[in-house]
Amino acid sequence: MPEAQQGVTVSGRVLDENGSGLPGVTVMLKSTITGTSTDIDGNYSLAAPGGKGTLVVSFVGYQTQEIDINNRASINISLAPDAKALDEVVVVGYGTQSQRNITGAVQTVKAQEFADMPVPQVAQKLQGRLAGVQILQTTGRPGEGMSVRVRGQASATAGNQPLYVVDGFPISGDISTLNPDEIETISVLKDAASTSMYGSRASNGVVIVTTKRAKSGQTSVGVNSFYGVQAIPSRGVPEVMNAREFAQFMQDVYTENNRTVPEIYQNPSQYGEGTDWYGLLTRTAPIQNHSVTFNAGGEKFSTSAVLGYFDQQGVILNTGFKRFSARLNSEYRFNDKVRVGVNIAPSISNTSGRPTDGGPFTNTGGMLTSALLASPLAPAVNPDGSLPITAMTPGMLNVPNWYRVALEADGTNRVNRLLSNAFLEYEVAKGLVLKTSLNGELGQTFFKNFVPSTSGNVNQALPRASGDLTLNNNQFYTWLSENTATYQKEVGDHFFEGLVGYTGQKFRNDISNVVATNFANDRVRTLSAATTFAPTSAVEEWTLLSYLARLTYNYKGKYLFTASVRRDGSSRFGTDNKWGNFPSVSAGWVVSDENFMQGIGAVSFLKLRTSYGITGNNNIGNYPSFAQVNSINSGASNNYVFNNTLAPGNNVVSLGNTTLGWERTVQFDIGFDLGLLNDRLFLGYDYYTKNTDGLLFQVPVPVHTGFPNFYANIGEFKFWGHEFTLTSRNTVGTFKWTTDFNISFNRNKVMQLGTANAALGGGTNRNITMVGQPIGMLWGYVADGVYMNQADFDNSPKFQTSTVGAVKMRDVDGDGVITVDDRTIIGNPNPDFIFGMTNTFGWKNFDLSIVASGSYGNDIMNTSLEYINNLDGVFNVTKAVANRWKSEQDPGDGVHPRVLAGTTGLFRNANSLWVTDGSFLTVKNISLGYNLPQNLIKHVRSLRVYGSIQQALVITRYEGSNPEVNSGGENPLAQGLDLGAYPVPRTFTLGLNVGF
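Residues numbered from 1 in each chain as written. Predicted model: local features only at pLDDT ≥ 70, side-chain atom pairs only at ≥ 80, totals over all residues. Heavy atoms only, no water.

**Some words on the overall build of the protein chain**
We count it as follows: By definition, any uninterrupted DSSP run of H or I lasting at least four residues is a helix, any uninterrupted run of E lasting at least two residues is a strand, and each is numbered from the N terminus. This radius of gyration counts C-alpha atoms alone. The globule rule is 2.2 Å times how many residues there are, raised to the power 0.38. Each residue's exposure class comes from its accessible area (1.4 Å probe, protein chains only) as a fraction of the maximum for that residue type: buried when under 20%, exposed when over 50%, partly exposed otherwise. Pairs of residues are marked as contacts when any of their non-hydrogen atoms sit within 4.5 Å. We get accessible surface area from the Shrake-Rupley algorithm with a probe of 1.4 Å; when it comes to residues, only the shown protein chains can shield them. A positive count includes Lys and Arg, and a negative count includes Asp and Glu. His and the chain ends are not counted in either. In plain terms, the charge of a residue is placed at NZ if it is Lys, CZ if Arg, CG if Asp and CD if Glu.
Looking only at helices and strands, the protein chain has nine helices and 53 strands in total. Taken over C-alpha atoms, the radius of gyration comes to 32 Å for the protein chain, in line with the 30 Å a tight globule of 996 residues would show. Dimensions along the principal axes, computed over C-alpha positions, put the protein chain at roughly 105 × 70 × 65 Å. Out of the 996 residues in the protein chain, the part that is buried amounts to 53%. Put simply, of all contacts in the protein chain between residues at least 6 apart along the chain, 68% involve residues at least 24 apart. Carbon and sulfur atoms provide 55% of the accessible area of the protein chain, an area that totals close to 40,700 Å². Computed over 75 positive and 80 negative side-chain charges, the separation of the two mean positions in the protein chain equals 5 Å.

See the structure below:
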């Protein structure tokens with residue numbers, strides 16, 4: 001048989017820039033699924049049918065090469081480093097640019113950099129990797145709890161979440177339900193020059209997500225799986241009293257208040273540890289993820305498909321998160337001028353279990369904090385195996401059996417989502433491309449929570465008369481039509497690119513909610529089993545029409561200029577202020593291309609850049625500019641009697657404001673990018689300053705209007721900061737070590753609040769926002785110890801209930817008495833700086849990565865101490881309370897006061913004892929992988945195994961379980977609070993990546 005028919009086995013060696021063999025390099029036969037990877041010495045071998053075809057050779061950090069085979073049996077290949085990839089194409093708003101030509105503050109992360117992290121959310125994988133972007137895991141509850149702030153941006157009422165754009169489509173909400181395995185790259189746009197193309201939605205920054213596409217000439221199948229276990233670290237577990245200590249404490253409470261000690265407390269020494277309620281509610285839990293990726297890239301048609309399944313059982317009983325996802329991205333090129341594409345991505349995610357975070361006294365959360373309050377003398381399970389309903393002993397407030405509550409929890413939150421895009425692109429003439437796209441998102445959020453009669457909250461009599469069922473259903477859709485024209489022209493050394501376009505987007509959300517009560521029993525948990533109902537419904541809608549334009553120019557690739565403008569018209573704005581303009585301008589200078597720099601060999605690249613622009617925040621709600629009517633919660637005053645018949649009615653509940661508009665942010669940025677030693681070292685720096693004005697406030701109006709206030713754009717915040725990034729290729733060759741480090745210093749200051757600059761409270765008045773101070777400062781009394789003796793009491797300012805042994809607060813205003821006017825700033829939740837560092841190592845077939853992130857200088861207020869340091873004997877308390885003031889002869893630690901009834905209330909108010917340094921350093925992930933030798937298994941192109949530890953190490957002075965906690969959620973005025981949050985587990989996983 002002729003050799004051309006038999007084929008040729010091509011073999012050879014892939015070398016790095018130093019002539020050393022490169023292990024793990026992908027070698028593919030173009031337009032086929034045939035491929036392999038190099039062994040530990042860089043050797044490869046694969047069959048080439050007919051002795052023809054093209055080898056595609058690729059490896060992270062090196063330039064991809066294509067080599068024609070031409071019947072050769074031996075081909076050695078040298079790969080050139082792609083150190084900083086300055087010519088790499090980066091996705092920006094409405095287009096792409098090479099990294100070299102970008103004049104704004106844009107940072108990009110490739111999915112392959114975080115592939116091995118065993119977490120469900122994309123934001124978790126980005127922690128510590130982006131300068132100026134603070135990403136916190138505020139709770140460990142599966143599928144929840146990620147907070148993202150770009151350059152510390154905040155608003156008084158309009159939130160601080162960035163705009164998320166997936167494949168060119170600004171979606172509603174965030175990307176928490178998006179499968180990370182679908183992602184190719186993520187770009188974060190930080191300054192006005194890069195974000196202004198998104199106009200009235202861009203003040204909080206823009207996160208652009210690009211999903212996977214098939215590469216031309218490559219066909220592959222990949223399987224990625226991991227399985228692991230999660231456990232709660234011992235550090236930060238609250239230390240409350242055991243049975244013996246609690247019995248002694250309760251005996252002391254009864255004795256000091258001259259009451260008869262119940263029998264159960266009379267002999268504390270008979271008890272041991274008792275019931276560990278926290279331990280009963282927690283467990284070791286499994287986590288797993290499986291995804292299959294198929295890519296096929298042909299000359300005309302290419303497609304990429306991803307199927308994913310993720311399952312994380314929570315470390316709290318009966319909690320968990322599951323996600324089923326799929327994505328299909330396809331593109332067809334009719335000819336050199338016309339191409340079309342369609343993307344479709346359905347997903348179903350489900351979060352199960354009762355809400356766990358927050359303080360007690362509510363059915364919507366607080367299980368963890370409330371469980372700490374239960375009596376350790378009360379059993380979780382009776383001797384006969386039945387479950388008690390309550391967990392308190394004499395003298396305590398009613399506390400449910402939280403073990404039973406967790407087991408009987410019947411709560412679920414299901415999110416069904418469909419993202420889709422379709423586009424048509426036509427090159428009308430050379431350099432002129434017209435593009436039209438239609439984007440759609442369909443979604444449903446269904447929440448169900450049944451609370452049986454045996455469950456309740458703290459201080460609620462149990463069993464209740466009936467269980468209750470809450471059903472909430474949100475069905476929403478949004479569509480976006482975009483039409484753009486792009487023209488590129490190169491004239492000699494001059495390059496021009498112009499973009500014009502218009503877009504239209506509409507959103508609608510239909511909301512229905514019903515609370516059903518009076519169930520015959522707890523077994524049948526449907527609406528039909530209830531007899532009393534409280535239904536509500538609402539509709540939320542908005543529309544946005546926009547015009548946009550951008551001009552990009554460069555001369556000789558070293559003098560760079562970009563100008564853009566977007567004009568938005570929004571239904572959210574007042575009728576006399578419907579339109580807003582959002583311009584920006586930026587410039588860059590590639591200094592290293594100048595002749596005078598050629599003799600400076602150490603500098604391989606230097607670019608200076610600056611930008612200025614205006615962006616907006618239109619998250620002001622859908623209807624605040626209108627006078628609104630309401631028939632709910634207004635009582636019988638809505639109704640009127642006509643002809644002896646009661647007629648329903650509505651009443652006006654707010655004033656309109658026809659001039660109401662968006663919040664506006666004016667931002668200036670200046671920075672540089674510097675490569676040294678052939679880009680072995682690469683340093684980036686940005687300084688920014690921005691002012692956000694037009695903050696939305698409720699402004700008081702005269703009483704004779706019939707209304708207390710109305711919405712207006714009055715208020716101003718100022719932000720500024722410095723950002724540094726450093727990438728260092730420390731070693732090259734057989735042993736490779738790369739370090740990526742970033743650190744950011746973000747500051748803010750309140751410049752104006754409303755018409756009278758009145759301070760704003762937040763977090764149930766544990767925060768305060770006032771002119772001249774940073775946003776959301778911690779607020780309360782300054783604890784000055786305890787009135788240790790009569791002389792101390794006589795010579796100190798006092799609260800109205802103070803006595804010897806009671807808590808002593810500082811007389812801040814100096815009026816000689818302690819009142820609410822003595823509350824002051826007692827902490828700052830804003831960090832001095834945030835930082836992140838990633839170290840990546842490679843040796844032969846092994847690879848190791850270590851990712852860390854941290855924060856320094858921020859304070860945390862542990863508000864759960866209001867309950868677990870309650871001195872009235874109604875709850876269990878922390879072990880530290882045992883060292884309280886008991887007498888002048890036994891004054892204790894001088895921190896915890898006496899338990900005398902009527903004197904303990906002040907100690908339960910927010911004070912400086914609740915505030916501690918929240919600085920932390922967390923080793924987020926450690927991953928060690930090994931690429932098995934090629935051809936170990938027939939038809940398997942690559943095979944990699946790895947082990948990973950998530951949340952490997954936390955170093956902090958904060959005594960709580962999670963220094964990233966933020967019970968205030970997205971409210972920028974209520975930061976730095978810990979009301980009790982789901983613990984963040986440490987996760988150990990083993991994974992497998994297989995390529996065919």
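**Digging into the sheet that holds strand S14 (residues 169-170)**
Our working rule: The pairing criterion is simple: DSSP has to find at least two bridges between the two strands.
With mixed pairing, the five strands of this open sheet are ordered in space as S10-S15-S16-S13-S14. Of all strands in the sheet, those bounded by a partner on one side alone are strand S10 (106-110) and S14. Bridging between strand S13 (residues 163-166) and strand S16 (residues 206-211) involves four bridges; their strand directions are parallel. Residue Leu163 lies in a different strand from S16, and its bridge partner there is Val206.

**Looking at the packing of aromatic side chains**
Filter applied, for reference: Centres within 6.5 Å are what make two rings of Phe, Tyr or Trp a pair, Trp counting through its six-membered ring; a difference in plane orientation under 30 degrees is then read as stacked, over 60 as edge-to-face, and the rest as tilted. When the NZ atom of lysine or the CZ atom of arginine is within 6 Å of a ring's centre and also within 35 degrees of its normal, the charge is said to sit over that ring.
Applying the stated criterion to the full structure yields 28 aromatic pairs. Between Phe745 and Phe833, the aromatic rings sit 5.5 Å apart at their centres with planes inclined by 50 degrees, giving tilted as the arrangement. One end of the pair, Phe745, is in strand S39 (residues 735-753); the other, Phe833, is in strand S46 (residues 833-843), and 88 residues separate them in sequence. Take Phe745: its relative accessible area is 27%, and that puts it in the partly exposed class. A relative accessible area of 21% means that Phe833 is categorised as partly exposed. In this structure an aromatic cluster arises from ring pairing among Phe672, Tyr685, Phe724, Phe745, Phe833, Phe835 and Tyr856. For the cation-ring pair, Arg259 lies above Tyr254, with the distance from its terminal atom to the ring centre recorded as 4.5 Å.

**Points about the pattern of salt bridges**
The condition is simple: Salt bridge, as used here, is a side-chain nitrogen of Lys or Arg placed within 4 Å of a carboxyl oxygen of Asp or Glu.
Summed over all chains, the structure comprises 37 salt bridges. In this structure, Asp167 and Arg327 form a salt bridge, with 3.4 Å as the shortest nitrogen-oxygen distance. Here Arg327 lies in strand S20 (residues 320-333) and Asp167 lies in the loop between S13 and S14, a separation of 160 residues in the sequence. Looking at Asp167, the relative accessible area reads 16%, which means it is buried. By relative accessible area, Arg327 is classed as buried at 5%. A salt bridge links Arg810 to Asp784; the nearest nitrogen and oxygen atoms lie 3.2 Å apart. One end of the pair, Arg810, is in the loop between strand S44 (807-809) and strand S45 (824-827); the other, Asp784, is in strand S43 (residues 783-786), with 26 residues separating them in the sequence. Exposure remark for Arg810: the relative accessible area of 41% places this residue in the partly exposed category. A network of salt bridges, in which partner residues are shared, links Arg151, Lys190, Lys607, Arg609, Asp669, Asp673, Asp686 and Glu723.

**Structural notes on the sheet that holds strand S1 (residues 8-15)**
In any sheet, the strands associate via hydrogen bonds between backbone groups, in a parallel or an antiparallel arrangement. Strand order in the open sheet formed by three strands is S4-S1-S7, with mixed pairing between adjacent strands. Each edge of the sheet is formed by a strand with only one pairing partner; in this case those strands are strand S4 (43-48) and strand S7 (77-78). Direction of pairing for S1 relative to S4: antiparallel, over a ladder of six bridges. Bridge pairing in S4 links Val8 to Ala48.

**Some remarks on unusual backbone geometry**
In this chain, Leu462 is followed by Pro463 through a cis amide linkage whose omega measures -5 degrees. You will see that Asn459, though not glycine, has its phi angle at about 70 degrees, which is positive. Relative to the helices and strands, Asn459 resides in the loop between strand S23 (432-451) and strand S24 (468-491). Given the relative accessible area of 45%, Asn459 is considered partly exposed. One non-glycine residue, Asn757, lies in positive phi territory at about 55 degrees. Among the secondary structure elements, Asn757 is positioned in the loop between S39 and strand S40 (760-762).

**Details of the UniProt feature "domain: TonB-dependent receptor plug" (unreviewed entry) in the protein chain**
Heads up, the condition is: UniProt positions are given in the numbering used here, feature names are shortened, and annotations may be inferred rather than shown by experiment.
Within this structure's numbering, the places UniProt gives as "domain: TonB-dependent receptor plug" (unreviewed entry) are residues 99-206. Structurally, residues 99-206 comprises 8% helix and 27% strand, and the distance from its first C-alpha atom to its last is 17 Å.

**As for the domain arrangement of the protein chain**
By a widely used convention, the size of an interface equals the accessible area lost when the partners come together. The line we're drawing: How far each domain reaches was decided by an automatic or database domain assignment.
When cut into domains, the protein chain gives domain 1 (7-82) and domain 2 (783-821 + 875-905). Spacing between the C-alpha centres of domain 1 and domain 2 amounts to 76 Å.

**A closer look at the confidence of the model for the protein chain**
Rules: In predicted models, pLDDT denotes the confidence assigned by the predictor to each residue on a 0 to 100 scale.
Confidence in the prediction for the protein chain averages 90 pLDDT; 97% of positions are at 70 or higher. Low confidence marks residues 1-5, where pLDDT is under 50. Its contacts with residues over four positions away, or in another chain, come to three contacts.

**Describing the pairing of strand S28 (residues 579-590)**
Judged by which residues are buried, S28 turns out to be one-sided: Gly580, Phe582, Ser584, Ser586, Gly588 and Val590 face inward and are buried, whereas Trp579, Asn581, Pro583, Val585, Ala587 and Trp589, on the alternate face, are not. Note that strand S27 (residues 559-570) and S28 share eleven bridges and pair antiparallel. The residue of S28 that forms the bridge with Asp568 is Gly580.

**Structural notes on helix H4 (residues 243-256)**
For clarity, the cut-off: By this rule the span expected of a helix is its residue count minus one, scaled by 1.5 Å.
Taking 1.5 Å per residue, 14 residues should reach 20 Å; H4 reaches 20 Å between its end C-alpha atoms and fits that length. Regarding H4, the residues found buried are Ala243, Phe246, Ala247, Phe249, Met250, Gln251, Val253 and Tyr254. A positive backbone phi angle near 55 degrees is found at Asn258, which sits one or two residues after H4.

**Description of a nonpolar patch on the surface**
Where we set the bar: A patch is a set of surface residues, each over 30% in relative accessible area and not in a salt bridge, joined within 9 Å for like charges and within 5 Å for the nonpolar side chains Val, Leu, Ile, Met, Phe, Trp and Tyr.
A cluster of nonpolar residues, Val491, Phe496, Leu551, Phe561, Val585, Tyr612, Phe668 and Ile670, forms a patch on the protein surface that exposes about 640 Å² of accessible area. Position of Ile670 relative to the elements: it lies in strand S34 (residues 663-676).

**Brief notes about the nonpolar core**
To keep things clear, this is the line we draw: In plain words, nonpolar cores are sets of buried Ala, Val, Leu, Ile, Met, Phe, Trp, Tyr and Cys residues tied together by side-chain atoms within 4.5 Å.
Among the nonpolar cores identified, the biggest contains 62 residues, and Phe246, Phe249, Tyr265, Trp277, Trp402 and Met861 are the most heavily contacted of them. Going through the elements one at a time, H4, helix H5 (277-281), helix H6 (367-372), helix H7 (402-408), S44 and helix H9 (865-868) are the ones with two or more residues in this core. Once residues within four sequence positions are removed from consideration, Met861 is found in contact with Arg766, Leu778, Trp779, Ile826, Ala910, Trp914, Val915, Gly976, Leu977 and Asp978. Of all hydrophobic cores here, the second largest spans 28 residues; its members include Val133, Val166, Phe169 and Leu178.

**Looking at the environment of Ala115**
Locating Ala115 in the fold gives a position in the loop between S10 and helix H2 (122-126). By relative accessible area, which is 42% here, Ala115 ends up partly exposed. As for Ala115 and Pro180, which are separated by 65 residues in sequence, their C-alpha atoms are 8.2 Å apart.

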